[in-house]
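# Overview (structure and organization)
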Amino acid sequence: MIFRYPGGKSRLIDQLLPFIRTPIEETGRFADLFVGGGSVLLAVARDYPNIPLWANDADRNISAFWQMVAGEGDADALCAMLRTPPTVPLFLRLRAEEPTSLEERAYRAVFFNRTTFSGIASSGPIGGYANQENTKWKIDCRYNSEALVNEFGRMRVSLAGRLRATRKDAVAMVGELAEWALYLDPPYFDKGDMLYPVQFSREQHRALASILRSRVNWMLSYDDHPGIRGLYDWAIIDNTLRPRYSIEIEKEKRHRKTELVITPRGQKVRRLLEQSAIAYQT
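Residues numbered from 1 in each chain as written. Predicted model: local features only at pLDDT ≥ 70, side-chain atom pairs only at ≥ 80, totals over all residues. Heavy atoms only, no water.

## Section: the packing of helix α5 (residues 88–96) against helix α6 (residues 102–115)
Look at α5 against α6: their axes get within 11 Å of each other, and the N-to-C directions meet at 135 degrees. With respect to α6, the axis of α5 lies oblique. Of the two elements, α5 crosses α6, and the hand of that crossing is left-handed. Residues Leu90, Phe91, Leu94 and Arg95 of α5 form the contact with α6, whose participating residues are Tyr107, Arg108, Phe111, Phe112 and Thr115. Its residues assigned to classes, the contact of α5 with α6 shows six nonpolar, one polar and two charged. (Axes fitted to C-alpha atoms, helices over the stretch in contact; angles between N-to-C directions. Helix = DSSP H or I, 4+ residues; strand = E, 2+ residues; numbered from the N terminus. Parallel < 35°, antiparallel > 145°, perpendicular 65-115°, else oblique. Left-handed = near helix turned anticlockwise from the far one by under 90°. Contact = heavy atoms within 4.5 Å. Nonpolar A, V, L, I, M, F, W, Y, C, P; charged D, E, K, R; others polar.)

So, in structure tokens, the structure goes:
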């Protein structure tokens, strides 16, 4: 995976996919409206190689990256940027300069994700701004340029032509994409403002719940919070996902927190969750 996120779904794919397979097979198309690092989108693309795909994200840099995966922009120019070794002076320069092209925005999406603490784009560089030579964790410890270039190339070859990428309001898109199977992984209801550069207000959380109430063929994943349980008390809430999410560096300080999967009542769901949960625990 190119991106690393607190709350990323790469380790939960086998638990999440059973909830979205029936909507995908009924509609023949799939949209990820808070795509981020795209773990679920890429898994769906792998399992359903012939369906149209849509990636959306409100973050301008993230959406630029997915636009380039979809075939827009100059791939060679982005790859040349990705091959530049990360340094603190480069980090500071990229922070200070406003990007002027699709390629520069896509590059910043990857660069800051791979060089910041826990992939939080607004945080400082891994290892800090000073004394990089004396720390075990340096700014480039999560940055393998050739692996990033190769992965981007594979994604672009496999998805260009069947992927559309946008930067739109996800709530509005729920109404626009009536014929699509939708996956939504909104910013955390609790502490989301701390983790994501683009904020999602409580009012937007409420608006999303309201518009989804009149839709079928969707799946949500959310942090387990009383506010979310209240907003979706009319839907089916599964809370058997227990990822190990944390921004702690030391593994022994990390803990598992429950994450919710929410689906509309009446939607057909292939409930393989018990098997995947057992596999996750062993």
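So that's the structure; there's more coming.
## Side note on the side chain of Arg4
Relative to the helices and strands, Arg4 resides in the segment before α1 (13–27). If we ignore the near neighbours within four places in the chain, the residues touching Arg4 are Asn113, Arg114, Thr116, Ser118, Gly119, Ile126 and Arg142.

## A few points about the nonpolar core
Within the largest apolar cluster, 55 residues are counted, with the highest numbers of intra-cluster contacts made by Phe30, Val44, Leu53, Phe65, Trp66, Phe152 and Leu163. Phe152 has contacts with Ile2, Phe65, Met68, Val69, Ala75, Leu78 and Cys79, leaving out every residue within four places of it along the chain. Counting 26 residues, the second-largest nonpolar core is a separate cluster that includes Val174, Leu184, Phe200 and Ile228. (Core = buried A, V, L, I, M, F, W, Y, C linked by side-chain atoms within 4.5 Å. Buried < 20%, exposed > 50% of the residue type's maximum accessible area, 1.4 Å probe, protein only.)

## Things to note about the pairing of strand β4 (residues 181–184)
The alternating pattern of β4 places Ala181 and Tyr183 on one face and Leu182 and Leu184 on the opposite face, and all of these are buried. Bridging between strand β1 (residues 30–32) and β4 involves three bridges; their strand directions are parallel. The residue of β4 that forms the bridge with Asp32 is Tyr183. Pairing of β4 with strand β5 (residues 218–223), which is carried by three bridges, proceeds in the parallel orientation. Paired with Tyr183 across the two strands is Met219, which belongs to β5. (Pairing = 2+ DSSP bridges.)

## Comments concerning the pattern of salt bridges
Going through the model one piece at a time under the given rule, you end up with nine salt bridges. Of the charged contacts, one joins Asp224 and Arg229 as a salt bridge, the two residues approaching to 2.8 Å between their closest N and O atoms. Overlapping salt bridges bring together Arg21, Arg46 and Asp47 as one network. (Salt bridge = Lys/Arg side-chain N within 4 Å of Asp/Glu carboxyl O.)

## Re the confidence of the model for the protein chain
Across the protein chain, pLDDT averages 86, with 83% of residues at or above 70. pLDDT under 50 marks residues 244–255. Its contacts with residues more than four places away, or in other chains, come to 24 contacts. Below pLDDT 50 for its whole length, residues 270–282 participates in 22 contacts with residues either more than four positions away or in separate chains. (pLDDT = per-residue confidence, 0-100.)

## Some words on the packing of aromatic side chains
Enumeration according to the criterion identifies 14 aromatic pairs in this entry. Both rings, one in Trp54 and one in Trp180, keep their centres 5.5 Å apart while their planes meet at 80 degrees; by these two values the pair is edge-to-face. Here Trp180 lies in the loop between α8 (170–176) and β4 and Trp54 lies in strand β2 (residues 53–56), a separation of 126 residues in the sequence. Note on Trp180: relative accessible area 12%, which makes it buried. Ring plane angle 50 degrees and centroid distance 6.1 Å describe the contact between Phe91 and Phe111, whose orientation is recorded as tilted. Here Phe111 lies in helix α6 and Phe91 lies in helix α5, a separation of 20 residues in the sequence. In this structure Phe91 comes out as buried when scored by relative accessible area, which is 0%. (Phe/Tyr/Trp six-rings, centres within 6.5 Å; stacked < 30°, edge-to-face > 60°.)

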